[in-house]
4 protein chains.
Amino acid sequence: MTTIGLDTLNTAMPESFVEAIGDIFENAPWIAARASAGRPFASVTALHAAMMEAARMAPLETQLTFLRGHPELAGAMARVGAMTADSIAEQGSLGLDRLSGAEFERFETLNTAWRARFGFPFIICVRRHTRDSILARFAHRLENDVESEISAALDEIGFISRLRLAAKVSGPGMPVTTGRLSTHVLDTVHGRPAAGVALSLHEIGASETARIVSTVTNQDGRTDAPLIAGVPLRIGTYELRFHVGEYFAANGLDTAVPPFLDLVPIRFSIAEPEGHYHVPLLVSPWTYTTYRGS
Amino acid sequence: MTTIGLDTLNTAMPESFVEAIGDIFENAPWIAARASAGRPFASVTALHAAMMEAARMAPLETQLTFLRGHPELAGAMARVGAMTADSIAEQGSLGLDRLSGAEFERFETLNTAWRARFGFPFIICVRRHTRDSILARFAHRLENDVESEISAALDEIGFISRLRLAAKVSGPGMPVTTGRLSTHVLDTVHGRPAAGVALSLHEIGASETARIVSTVTNQDGRTDAPLIAGVPLRIGTYELRFHVGEYFAANGLDTAVPPFLDLVPIRFSIAEPEGHYHVPLLVSPWTYTTYRGS
Amino acid sequence: MTTIGLDTLNTAMPESFVEAIGDIFENAPWIAARASAGRPFASVTALHAAMMEAARMAPLETQLTFLRGHPELAGAMARVGAMTADSIAEQGSLGLDRLSGAEFERFETLNTAWRARFGFPFIICVRRHTRDSILARFAHRLENDVESEISAALDEIGFISRLRLAAKVSGPGMPVTTGRLSTHVLDTVHGRPAAGVALSLHEIGASETARIVSTVTNQDGRTDAPLIAGVPLRIGTYELRFHVGEYFAANGLDTAVPPFLDLVPIRFSIAEPEGHYHVPLLVSPWTYTTYRGS
Amino acid sequence: MTTIGLDTLNTAMPESFVEAIGDIFENAPWIAARASAGRPFASVTALHAAMMEAARMAPLETQLTFLRGHPELAGAMARVGAMTADSIAEQGSLGLDRLSGAEFERFETLNTAWRARFGFPFIICVRRHTRDSILARFAHRLENDVESEISAALDEIGFISRLRLAAKVSGPGMPVTTGRLSTHVLDTVHGRPAAGVALSLHEIGASETARIVSTVTNQDGRTDAPLIAGVPLRIGTYELRFHVGEYFAANGLDTAVPPFLDLVPIRFSIAEPEGHYHVPLLVSPWTYTTYRGS
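For clarity, every value in this text was computed on a predicted model and none was experimentally measured.

(A) Spotlight on the overall build of chain A. For chain A, the count of helices and strands is 11 helices and 13 strands. Referenced to the eigenvectors of the C-alpha coordinate spread, the extents of chain A come out at roughly 70 × 45 × 30 Å. Per-residue burial for chain A yields a buried fraction of 53% across its 294 residues. Of the contacts made within chain A by residues no fewer than 6 positions apart, 70% connect residues no fewer than 24 positions apart. Summed over all atoms, the accessible surface of chain A reaches about 12200 Å², with 54% contributed by carbon and sulfur. Separation of charge centres in chain A, based on 25 positive and 32 negative side chains, amounts to 1 Å.

Below is the structure:
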């Protein structure tokens, strides 16, 4: 996607500014319009902060109208094609447009309860979540009072718009919108990186497990590319599976039959989508250690 | 079950001796008969060794007849009710009498290939195995030549008869026929045993996972009873699952939401049915270590 | 030393009771006399509690006289031979009767400041301490106000008298007066206890290091006897030194020359004299883990 | 020091070439002279290889004369000022010019035995060693036969000349002549790098311990500069000392008094002067793990 330079935006006519980035906020070009008065912005982060300030400072009625302009998650708007292109892409990335019957029903129940309580849709930055974490937050935030929920919804809109803005505008001071998940395998029998260890990363959902990537460690015991990078890490539970039995057999360590350790599963959760999660494995045929590293 | 004292056996008339323990070896009272000449035995282990010696020293034709007198695993004999009571119990303990269609077929294929190659059934000490390890050994031993396989079959008969003998006879020098699986959880934030950690042990089969036991750690971070004891440990793959997220939350450690570590799975295999496997967990909210201890 | 049975004490004439255990409290047979009224005692612990109650309930002037009846640490009373036999043995066990010039001066300075502030000697249960921890507490408690210090001194007298009582009286409900220090070495290359590892335990003092014991691990990776047992563990800093380089070389692991790990020092402090400190080592030629176990 | 470009050397007149780098090999400009015929060299490594080839291909008598032209370690040549400037600097870096009486005597004894056996001095690349490892190799190589020792001496000359060449010549394909020692501290209670941990690195000699560097971990739990870099790591034994007690106290973890872990010593040996040694610490107040990382 071609991006627009911050310089260009800083010097554009107001109406061009709004035309360029008015859709960062769902059906709310007025936010860009108000922010345009604060130009020039020294950084993309400052531009985003100014837009969020406009949203947060707006009168309650304006805010409620704004919130009501958002689509429901996995909701009727999706089915009748009334969502913005960005929303379609975001919800689709999580498969919210092709839920199973039971899941769809779970969302419907929550959406119904939510509408009754708040009068605007449940808003969450889908790209920072797995289905399980969305459902968990959905149920949890249903306990909010209206004031807290408006604040929570604006926080999520902050995450959503930050991602959209980072994709559309380039310039100095880009906001941090991506996380990183990496691993490293050390062979503690030989005191060196374990090269050639097959491993895979899985998302552990409440109802199913999905493989995200399969790879093999290189000479440095790392993977050639991070396991996840360049996108937010979805809040949720994961499992790394290391095939250490094959590795030790291939490296001349005859141990027991079957080996005490063969497939080593490391289950962990990600809570910070923009964080760096380094999850190494120190392993011999009879012991291992894992930790959140840096 | 009432047991017979070794003293009684040592002084019994030969025919009473054979009547008492002739069925230790499947359809082969002659083994007890030959061993009776070696009385008195100083230990139950010595009695067992004498019977195995008789089986191993018998002429080839006698050995083959002996081996042919064993039931097939999950085979036709089971279905027509022609097995000895011991064999029925042993095979039943593993569910070999109620296999799914696909599993039954896998056994049938192996049994057919086996009969064609060896002319006697595949013999294995079922109580030392899981279904998966039986299938693995079945396929592996199908590569044996006849001489090696007769030796392998007699080794397995040694395991089977040792267990039967230990259940029937009491006295000094009992053979070791049981293993032990235990765990221990240490909380490395507080430097003390982790009390109240819910955990479960599962057998990880190729096609399904079965829970063996659920329990909670006591004040010493151990379980009140060993996870498995008093029987042979079945060769196979297991998983311990420790609910450390709940434990740390209950002990006042607010970490991430969701916590980095919640359910910690430790997957390991048992290769020595009469061994002691101690599989501890040293754990903080951000790291853990496990190892085969002692 | 012959001990007196609690039964005997429970039924003795009051004067015999006082004669038997009146010296448990330094120059204060009145404490035993008062406690004798509470007989019979169901346990030695209850007898001790009754005596401490008498000391704690006494009028302030009586308490001060009692405290003044204690010897100074490493003080003039020691040099002129005016201490009770118990005090001589206790101070001697720590070498307080043969300090170097600088240490003696340090004690003198503290004793002088102490006398000026409190008017009674610094009292501490020497057998629960190293010289370093005594000096640390000495300086720390010098900050106390008089009331707190009387309470602290009585606490220490509780420790002292508990030890004396446990040595003199036998019966049900003995107080816990001893700690335990143990270790365990696991070889994580082979997944088994490391047998034959030479190791030593040292007390790490501010001015010198003293070896307490040298030993070798047995087949279970433990030492035949605990490193310390049957006495209070002295509060202080220790170092375990494991000769793992020799062990791995003897077990056929050729690693680097010189080996990455040869002598592994584990430095730790003991804070609970009556606690159980288990300090294991999980070790390969390239990594190790230690922890306070249980 | 100004360096000469490889290009310049490749195109220089032969006599200029020898003048420029003839002193890389001790008193043996003929080695550069022979190597000059192989020009142009594509890399500094190739230039070095050509010079070593010339030395290794020379007739035995020439080699012996060459070896005899080297100074003894800590020997008489040093005292009478007959060494080359490079040798003076190299030996001085290890303090071999200011040994204690006992150490000097130890070197003298070895030098005398060596001269009697080989007729040429003991040659070793001093900059890759500590005094202890020099003495160990000295005694060990004294067992060599003459042929093996000539080969061993040439290997060491290879290390010496590689370092001298790398300091004098610049260009593509520089030989690897330096190692790297680094550390990293992870706080496993909080799951983050431990910032602000004071630590020091010490060389552990047989007769004394010398502090090499003291520093403090930064926000990433690392040290701003590697502990050692830019030079060969001296083969020998080292100790890292981490002040974790202060760190945990400063981070709000009240543990025992004194804390179970206060100063954590990690003792390890370096065997590969050009290697990367990463020696991290994963630590809570009650446990730690260290390993050779990468």
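(B) Local environment of the interface of chain A and chain B. Counting residues at the interface gives 26 residues for chain A, matched by 26 residues for chain B. Across the chain A to chain B interface the summed buried area is about 2100 Å²; carbon plus sulfur atoms make up 61%. When the area that chain A buries against chain B is broken down by residue, the three leading residues are Phe260, Arg267 and Tyr288 of chain A, summing to 28%. If you look at where chain A meets chain B, you find 0 salt bridges.

(C) Up close: the relation of the copies chain A and chain B. In the superposition of chain A on chain B (RMSD 0.1 Å, axial shift 0.1 Å), the rotation amounts to 180 degrees. Overall, the copies show the geometry of a two-fold rotation axis. Using C-alpha coordinates, one finds that chain A approaches the rotation axis most closely at Thr289 of chain A, a distance of 2.1 Å. Mapped onto chain B, 100% of the interface residues of chain A again fall at the interface, so both copies present the same surface.

(D) Molecular detail of the pairing of strand β9 (residues 236-243) of chain A. By the bridge criterion, 5 bridges tie strand β6 (residues 198-204) of chain A to β9 of chain A in an arrangement that is antiparallel. Within the sheet, the bridge partner assigned to Glu203 of chain A lies in β9 of chain A and is Tyr238 of chain A.

(E) Seen up close, the packing of aromatic side chains. Counted under the stated rule, the structure contains 54 aromatic pairs over all chains. For the pair Tyr238 of chain B and Phe268 of chain B, a centre-to-centre distance of 6.0 Å together with 25 degrees between the ring planes defines the contact as stacked. Here Tyr238 of chain B, found in strand β9 (residues 236-243), pairs with Phe268 of chain B, found in strand β10 (residues 263-270); they are 30 residues apart in sequence, far enough to count as distant. Each member of the pair, Tyr238 of chain B together with Phe268 of chain B, is buried. Between Trp114 of chain D and Phe118 of chain D, the aromatic rings sit 4.5 Å apart at their centres with planes inclined by 50 degrees, giving tilted as the arrangement. You can see Trp114 of chain D and its partner Phe118 of chain D sitting in helix α8 (residues 101-118), 4 residues apart, about one turn around the helix. The pair formed by Trp114 of chain D and Phe118 of chain D is uniform in burial state, with each residue classed as buried. Here a set of aromatic residues connected by ring pairs shows up, and it is made of Phe107, Trp114, Phe118, Phe120, Phe122 and Phe138 of chain A. If you follow Arg39 of chain B out to its NZ or CZ, it ends over the ring of Phe17 of chain B, 4.7 Å from the centre.

Rules behind the numbers
- The residue count restarts for each chain, going from 1 along the sequence in the order it is written.
- Chain letters and ligand numbers both follow the written order, the letters beginning at A and the numbers at 1.
- Thresholds applied to this predicted model are a pLDDT of at least 70 for local features of residues and 80 or more for the giving and counting of side-chain atom pairs; totals over whole chains, interfaces and linings are not thresholded and use all residues.
- To obtain the side-chain values, all non-hydrogen atoms of the structure were used and water was disregarded.
- Helix and strand assignments follow DSSP, with helices taken as H or I runs no shorter than four residues and strands as E runs no shorter than two, numbered in order from the N terminus.
- Exposure is judged per residue with a 1.4 Å probe applied to protein chains only, and the accessible area is read against the type maximum: over 50% gives exposed, under 20% gives buried, and values in between give partly exposed.
- What makes two residues a contact is simply this: any of their non-hydrogen atoms within 4.5 Å.
- What sets the accessible areas is the Shrake-Rupley method with a 1.4 Å probe; for residues, cover comes only from the shown protein chains.
- Residues scored as charged are limited to Lys and Arg (positive) and Asp and Glu (negative), so that His and the chain ends carry no count.
- Where a charge sits is defined by one atom per residue type, namely NZ (Lys), CZ (Arg), CG (Asp) or CD (Glu).
- Here the quantity called buried area is the total loss of accessible area, with a 1.4 Å probe, experienced by two parts when brought into contact, counted for both.
- The term salt bridge refers to a side-chain nitrogen of Lys or Arg lying within 4 Å of a carboxyl oxygen of Asp or Glu.
- We superpose the copies by least squares over the C-alpha atoms of residues that have a pLDDT of at least 70 in both of them.
- Should DSSP find at least two bridges between two strands, the strands are regarded as paired.
- Two rings from Phe, Tyr or Trp (for Trp, the six-membered ring) form a pair when their centres are within 6.5 Å of each other. A pair whose planes differ by under 30 degrees is stacked, one over 60 is edge-to-face, and the rest are tilted.
- Sitting over a ring, as applied to charges here, requires NZ of Lys or CZ of Arg to be within 6 Å of the ring centre and within 35 degrees of the ring normal.

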